Amino acid sequence: MKFETSVVLLNKKCTQRCIFCSRDHRMAEHTPGQIEQIMEQFSDSISFEGGEPTLFGGLLKWVRRAKAKKIKEIILLTNAARFSDIAYIRKLLEAGVTMFNVNLPAHDERIFDALTQTKGGFKRRVEAVKNLIRVAGRDKVRLTLVVNSVMYRYLRD
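Residues numbered from 1 in each chain as written. Predicted model: local features only at pLDDT ≥ 70, side-chain atom pairs only at ≥ 80, totals over all residues. Heavy atoms only, no water.

### A closer look at the overall build of the protein chain
Our working definition: Secondary structure elements follow DSSP: runs of H or I of four or more residues count as helices, runs of E of two or more count as strands, with numbering from the N terminus. Between the two quantities, the radius of gyration covers C-alpha atoms and the globule rule is 2.2 Å times the number of residues to the power 0.38. Contacts between residues were defined by any pair of non-hydrogen atoms, one from each residue, lying within 4.5 Å. Here the open area of atoms and residues is found with the Shrake-Rupley method and a 1.4 Å probe, where only the protein chains shown may cover a residue. Charge assignment in this entry is limited to Lys and Arg as positive and Asp and Glu as negative, and neither His nor the chain termini are counted. By convention, the charge on Lys lies at NZ, on Arg at CZ, on Asp at CG and on Glu at CD.
Scanning the protein chain from terminus to terminus reveals 5 helices and 5 strands. Ordering the α and β elements of the protein chain from the N terminus gives β-α-β-α-β-α-β-α-α-β. Against the globule reference of 15 Å for 157 residues, the protein chain gives a C-alpha radius of gyration of 16 Å, in line with a compact fold. Taken over the C-alpha atoms alone, the protein chain extends approximately 40 × 35 × 25 Å along its principal axes. Relative to all contacts within the protein chain whose residues are 6 or more apart in sequence, the contacts with residues 24 or more apart total 72%. By element, 52% of the accessible surface of the protein chain is carried by carbon and sulfur atoms, the whole surface being about 8800 Å². Between the centroid of the 28 positive side chains of the protein chain and the centroid of its 17 negative side chains there is a distance of 2 Å.

See below:
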């Protein structure tokens, strides 16, 4: 089977219900065999995604496997929900994550809560990003802002 993208879909679980989520939840998670095929096909870069991939129990195992296969860029697309835990960040780095791509949907708590359909997550997300930068370094942290019908009005901010 030939894959069109280097995205590894690990799970559908998430700690948020973002109104802008681009994940097609009808898609099945990749099987272990499919993950191996993706790693064989895309040796330059793969992205572990979900839902929220840090909620997947086998994440570290698959990151280690990608590192062992000498995949150059191992990206974790995440909402950073677990990154108050510095030891967990270190485990991910040791396993082989080379880039943390963090969704930061808004610059303001009220808008953040509305977009993620959660309460009080903004301050935790900002702290998680600070933890990532302190532990992993600026060059391994990418923030992704999804411009949508709510956020476009605030781009100047």
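Let's pick the thread back up.
### What about unusual backbone geometry?
Basically, it comes down to this: Burial here depends on accessible area, computed with a 1.4 Å probe over protein chains only, as a share of the maximum for the residue type. Under 20% is buried, over 50% is exposed, and the range in between is partly exposed.
If you check the backbone angles, A80 has positive phi at about 65 degrees while not being a glycine. Positionally, A80 belongs in the loop between β3 (73-78) and α3 (86-95). Even without being a glycine, Q117 presents a positive backbone phi close to 55 degrees. Position of Q117 relative to the elements: it lies in the loop between α4 (109-116) and α5 (121-136). For Q117, a relative accessible area of 37% puts it in the partly exposed group.

### As for the pattern of salt bridges
Inclusion rule: Each salt bridge in this description consists of a side-chain nitrogen of Lys or Arg and a carboxyl oxygen of Asp or Glu lying within 4 Å of one another.
Counted by the stated rule, this structure contains 6 salt bridges. With a shortest N-O distance of 2.2 Å, K69 and E40 are connected by a salt bridge. Of this pair, K69 sits in the loop between α2 (59-68) and β3 while E40 sits in helix α1 (residues 32-41), and the two are 29 residues apart along the sequence. Given the relative accessible area of 56%, E40 is considered exposed. Taken together, the shared-partner salt bridges in this structure form one network comprising E36, E40, R65 and K69.

### Structural notes on the environment of L60
Relative to the helices and strands, L60 is located in helix α2. In this structure the C-alpha to C-alpha distance between L60 and P32, which are 28 residues apart in sequence, comes to 14 Å. Ignoring any residue separated from it by four or fewer positions in sequence, one finds L60 in contact with K91, L92 and A95.

### Structural notes on the environment of R125
For R125, the location among the structural elements is in helix α5. In the structure, R125 is positioned 31 residues away from R156 in sequence and 21 Å away in space, judged by C-alpha atoms. Those residues in contact with R125 that lie beyond four places of it in its chain are Q16, N79, A80, V102, N103, L104, P105 and F112.

### A few points about the packing of aromatic side chains
For clarity, the threshold we go by: Pairing of aromatic rings covers Phe, Tyr and the six-membered ring of Trp, with a centre-to-centre limit of 6.5 Å; geometry is then stacked below 30 degrees between planes, edge-to-face above 60, and tilted otherwise.
Inspection of every chain in the model, using the stated rule, returns 3 aromatic pairs. Their ring planes at 85 degrees and their centres at 5.7 Å tell us that F83 and F100 sit as a pair that is edge-to-face. With F83 in the loop between β3 and α3 and F100 in strand β4 (residues 99-103), this pair connects stretches of sequence that are 17 residues apart. F100 gets classed as buried once you look at its relative accessible area, which sits at 0%. On the numbers, 5.7 Å between centres and 70 degrees between planes, the contact of F112 with F122 is edge-to-face. Placement of F112 in helix α4 and of F122 in helix α5 is noted, with a sequence separation of 10 residues between them. Classification of F112 as buried rests on a relative accessible area of 1%.

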